[in-house]
Amino acid sequence: MSLLLSHDQLESSTDAVIDWLDHFGANYTRVIGADLLGTDSWSLTLGQPDPVLQGLPDPKEVEVVWFRRWQRGSLVGTNQFVSDQTTDKLDRHLKREFGKLSQYLFSLYQDAYWLGDYKSADINKLQVLQVATEVGFTIPPTCISNSKEALASFLQQHGRAIVKPIGDTDMFREEGADESSMLTMYTEELTPEVLEQAPSHFFPTLCQARVDKLLEYRVFYLEGELYPMSIFSQSHTQTSTDFRKYDQAHPNRRGLASFDEHTTAQLRQLMQQLQL
């Protein structure tokens, strides 16, 4: 049996894979991180040579684990009787608790073949940039700072620059609101006018020299093989800075792509050094 570990929202690519699994009659079970927090009962009993797991797939029956994603978001709902500060502390505590639980549950399936690894799932963008330079890629000049003066100097030096999250992008939606009211983080251009409005010091921010795209590539990497796709997002004002600002009415054209042997070897080396 195969075990799929994923989120419960924004998983369209995972859902597409599941459609194929259903088409081929695959034997699989999907477990969503939020399932462990819901009303479906499960239990883990320790004290015997083999832990007893009920309500979740038997580790002895699982041959393959696909780690797509896991739990994210707040674990604490709003409470009018508790301060925001206490709510934040409680949320951090519950996330640590859930993290330790998840690590142990994943270890129960260590004898299965894993596609994706929870240990390296939370990849560090700054580490990727550094390793990319080590294997021979040229990256845009990059500065992380909490200083308005430092970013102003960087912007003056490079002419144009963009800002983006140091980690993953996130989306914010008030409880009960629909998706149309969702706030999304994007890569944005840092202009002198925007920087002028910033305080002298702020939360550490990632800034890179802007490189105008000739073409955009997205590469799917699986078991040492590369499957690149070209995205013609450079000519559309809405997607020229960030492809994720989708224009549903006029979507960017996409097509198959390929790399030369040298670039392919560099990408494989990058993935291997990042243990992906």
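Here we summarise the structure given alongside this text. (Residues numbered from 1 in each chain as written. Predicted model: local features only at pLDDT ≥ 70, side-chain atom pairs only at ≥ 80, totals over all residues. Heavy atoms only, no water.)

Topic: empty space enclosed by the protein
Per the stated rule, a full pass over the model turns up one cavity of 30 Å³ or more. Of the volumes computed, that of the largest cavity is approximately 90 Å³. As for the largest cavity, its lining consists of Leu3, Leu5, Val31, Leu36, Leu56, Pro57, Trp70, Leu105, Phe106 and Tyr109. If you list the elements that add at least two residues to the lining of the largest cavity, you get strand 1 (2-6) and helix 2 (84-107). Here the residues of the lining of the largest cavity are counted per class, giving 10 nonpolar, no polar and no charged. (1 Å grid on protein atoms, 1.4 Å probe; cavity = no way out; pocket = protein on both sides within 12 Å on 5 of 7 lines; lining within 4 Å. Points joined across faces, edges and corners; volume = space filled by probe spheres on them. Helix = DSSP H or I, 4+ residues; strand = E, 2+ residues; numbered from the N terminus. Nonpolar A, V, L, I, M, F, W, Y, C, P; charged D, E, K, R; others polar.)

Let's talk about the pattern of salt bridges
Inspection of every chain in the model, using the stated rule, returns 10 salt bridges. In this structure, the salt-bridge partner of arginine 160 is glutamate 189, at a minimum N-O distance of 2.8 Å. With arginine 160 in the loop between helix 4 (148-158) and strand 8 (161-164) and glutamate 189 in strand 11 (residues 188-190), this residue pair connects regions lying 29 residues apart in the sequence. For glutamate 189, a relative accessible area of 26% corresponds to the partly exposed category. Of the charged contacts, one joins glutamate 216 and lysine 213 as a salt bridge, the two residues approaching to 2.7 Å between their closest N and O atoms. Given a relative accessible area of 23%, lysine 213 falls into the partly exposed group. (Salt bridge = Lys/Arg side-chain N within 4 Å of Asp/Glu carboxyl O. Buried < 20%, exposed > 50% of the residue type's maximum accessible area, 1.4 Å probe, protein only.)

Description of the environment of threonine 239
Within the element layout of this structure, threonine 239 appears in the loop between strand 14 (225-231) and strand 15 (254-256). Distance from threonine 239 to proline 251, taken between C-alpha atoms, is 9.5 Å for residues 12 residues apart in sequence. Setting aside residues up to four positions removed in sequence, threonine 239 forms contacts with Lys213, Ser233, Lys245 and Asn252. (Contact = heavy atoms within 4.5 Å.)

What about the packing of aromatic side chains?
A complete count under the given rule lists 10 aromatic pairs for this structure. Ring geometry for phenylalanine 106 versus tyrosine 118: centroids 4.7 Å apart, planes at 45 degrees, classification tilted. Separated by 12 residues along the polypeptide, phenylalanine 106 in helix 2 and tyrosine 118 in the loop between strand 6 (113-115) and helix 3 (125-134) bring together distant segments of the chain. Through successive ring pairs, a cluster of aromatic residues spans Phe67, Trp70, Phe98, Phe106, Trp114 and Tyr118. (Phe/Tyr/Trp six-rings, centres within 6.5 Å; stacked < 30°, edge-to-face > 60°.)

Observations concerning the sheet that holds strand 11
Strand order in the open sheet formed by four strands is 7-12-8-11, and the pairing between neighbours is antiparallel. If you trace the sheet from one side to the other, it starts and ends with strand 7 (142-147) and strand 11, each paired once. Adjacent strand axes in the sheet meet at a mean angle of 40 degrees when their direction is disregarded. Note that strand 8 and strand 12 (residues 201-209) share four bridges and pair antiparallel. Across the sheet, residue isoleucine 162 finds its bridge partner in strand 12, namely glutamine 208. Strand contacts of helix 3: strand 7, strand 8 and strand 12, with the helix running at about 35 degrees to strand 12, the strand carrying the most contacts. Taken strand by strand, helix 4 contacts strand 7, strand 8, strand 11 and strand 12, and its axis lies near 150 degrees from that of strand 7. (Pairing = 2+ DSSP bridges. Axes fitted to C-alpha atoms, helices over the stretch in contact; angles between N-to-C directions.)

Describing the pairing of strand 12
Looking at chain direction, strand 7 and strand 12 are connected through five bridges and run antiparallel. Bridging across to strand 12, isoleucine 144 finds its partner in leucine 206.

Things to note about the sheet that holds strand 13 (residues 216-222)
Strands belonging to one sheet form pairs held by backbone hydrogen bonds; the direction of such a pair is parallel or antiparallel. Across the sheet, three strands lie side by side as 13-14-15; this open sheet has antiparallel pairing. Of all the strands in the sheet, just strand 13 and strand 15 have a single pairing partner and so form its edges. Strand-to-strand twist across the sheet, computed as the mean angle between neighbouring axes with direction ignored, equals 30 degrees. Of the strand pairs in this sheet, strand 13 and strand 14 are connected by seven bridges, and their pairing is antiparallel. Bridging across to strand 14, glutamate 216 finds its partner in isoleucine 231.

Remember that the coordinates give geometry; whether it matters functionally is a separate question.
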